[in-house]
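Notes for the structure review
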Amino acid sequence: MKRILFIHSSLFGDNSASTRIAHSLVERMVQEKPGSEVTRIDLANDALPHLEIDEFNSWLIPADQRDDTQKDLASHSDKLIDQLLAHDTLVLAVPMYNMGIPSTLKTWIDRVSRAGKTFRYTAEGPVGMVEDMQAYLVFARGGIYRDTPLDTQTGYLTSVLGLMGITSVKTIFAEGLNMGDETREQSLNNAMAEVSKLFAGIREL
Ligand SMILES: Cc1cc2nc3c(=O)[nH]c(=O)nc-3n(C[C@H](O)[C@H](O)[C@H](O)COP(=O)(O)O)c2cc1C
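Residues numbered from 1 in each chain as written. Predicted model: local features only at pLDDT ≥ 70, side-chain atom pairs only at ≥ 80, totals over all residues.

With that settled, consider the environment of threonine 19. With respect to the element layout, threonine 19 can be found in helix α1 (residues 17-32). Sequence spacing of threonine 19 and valine 91 is 72 residues, and the spatial spacing of their C-alpha atoms is 10.0 Å. Every residue in contact with threonine 19, bar those within four places of it in the chain, is listed here: His8, Ser10 and Ala93. (Helix = DSSP H or I, 4+ residues; strand = E, 2+ residues; numbered from the N terminus. Contact = placed C-beta atoms within 7 Å.)

Below is the structure:
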């Protein structure tokens, strides 16, 4: 049984390639491991506000010394971190917007990547505190950037997940989606084939 946290951030709802491919991956995981639980977060429709200084400062105050406003502010991040830690599988559906990840996904990261909670600073550098988490990143892009310096998303997400200790990360790419119908269809088919390959791996776990 898996506990899957499925986070998508596309503006396009049911027409989103990243959400559809990631959903298919999640469905297959559940089929393979009946009884698995899925928590779904739609960051496009339930957007988090940008992190501001009062909220950040509330984290720095010991929990038992926070006033009511600070408790409320800290609770946003606390709840998202507790939610993350209650799962063992993280599936991020990631559209490319303006050469990067959606800003809505960044607001989630800004709240779960938190010193003292999901990583800690040491003399040797930061050490991740999230254990036993498998992550899947499903990318959808209008152009083609995989394995080039213009793919800012993969390096960034693997780095920030790694900071928290989430070092087991698998990726699926749907690229060239705005490069004509034929390229789009081929790319979507390739991405679904990648899902099947991953699924074969999951089956063996
Ligand atoms: C606001 C916006 C910005 C975009 N910027 C880029 C971009 O920088 N590079 C790119 O390859 N595609 C870009 N696209 C195209 C999307 O990556 C493409 O539509 C992809 O399918 C989005 O994923 P989704 O289908 O899951 O929503 C952009 C789309 C939108 C709506």
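So, about the site of the ligand. The full set close to the ligand counts 18 residues, and Ser10, Ser18, Pro95, Gly142 and Gly143 are the nearest of them. If one sorts the elements of the shell around the ligand by residue count, α1 sits on top with 3 residues. Its residues placed into classes, the shell around the ligand shows 9 nonpolar, 8 polar and 1 charged. (Near = placed C-beta within 6 Å. Nonpolar A, V, L, I, M, F, W, Y, C, P; charged D, E, K, R; others polar.)

Our next topic: the nonpolar core. Formed by 44 residues in total, the largest nonpolar core has its most connected members in Ile21, Leu25, Val91, Leu92, Val94, Val138 and Phe139. When neighbours within four sequence positions are excluded, phenylalanine 139 is seen to be in contact with Ser18, Val94, Met96, Gln153, Thr171, Ile172, Phe173 and Ala174. (Core = buried A, V, L, I, M, F, W, Y, C linked by C-beta atoms within 7 Å. Buried ≥ 20, exposed ≤ 12 C-beta atoms within 10 Å, placed from the backbone.)

Now for the pairing of strand β4 (residues 119-122). Pairing analysis gives 4 bridges linking β4 to strand β5 (residues 125-128), with the strands arranged antiparallel. Paired with threonine 122 across the bridge in β5 is glycine 125. Connecting β4 to the antiparallel partner β5 that follows it, the hairpin turn spans 2 residues. (Pairing = 2+ DSSP bridges.)

On to the sheet that holds strand β1 (residues 3-8), then. Strand order in this open sheet of 5 strands is β2-β1-β3-β6-β7, and the pairing throughout is parallel. Both edges of this open sheet fall to β2 (37-42) and β7 (168-174), since each of them pairs with a single strand only. Here the average twist between neighbouring strands, direction ignored, is 15 degrees. Pairing of β1 with strand β3 (residues 89-95) involves 5 bridges; the strand directions are parallel. (Axes fitted to C-alpha atoms, helices over the stretch in contact; angles between N-to-C directions.)

Where helix α3 (residues 68-85) contacts helix α4 (residues 103-112), the axes come no closer than 8 Å and their chain directions differ by 90 degrees. With respect to α4, the element α3 is oriented roughly perpendicular. In this structure, α3 uses His76, Ser77, Leu80, Ile81 and Leu84 to contact α4, whose residues at the interface are Trp108, Arg111 and Val112. Partitioned by chemical class, the residues of the contact of α3 with α4 number 5 nonpolar, 2 polar and 1 charged. (Parallel < 35°, antiparallel > 145°, perpendicular 65-115°, else oblique.)

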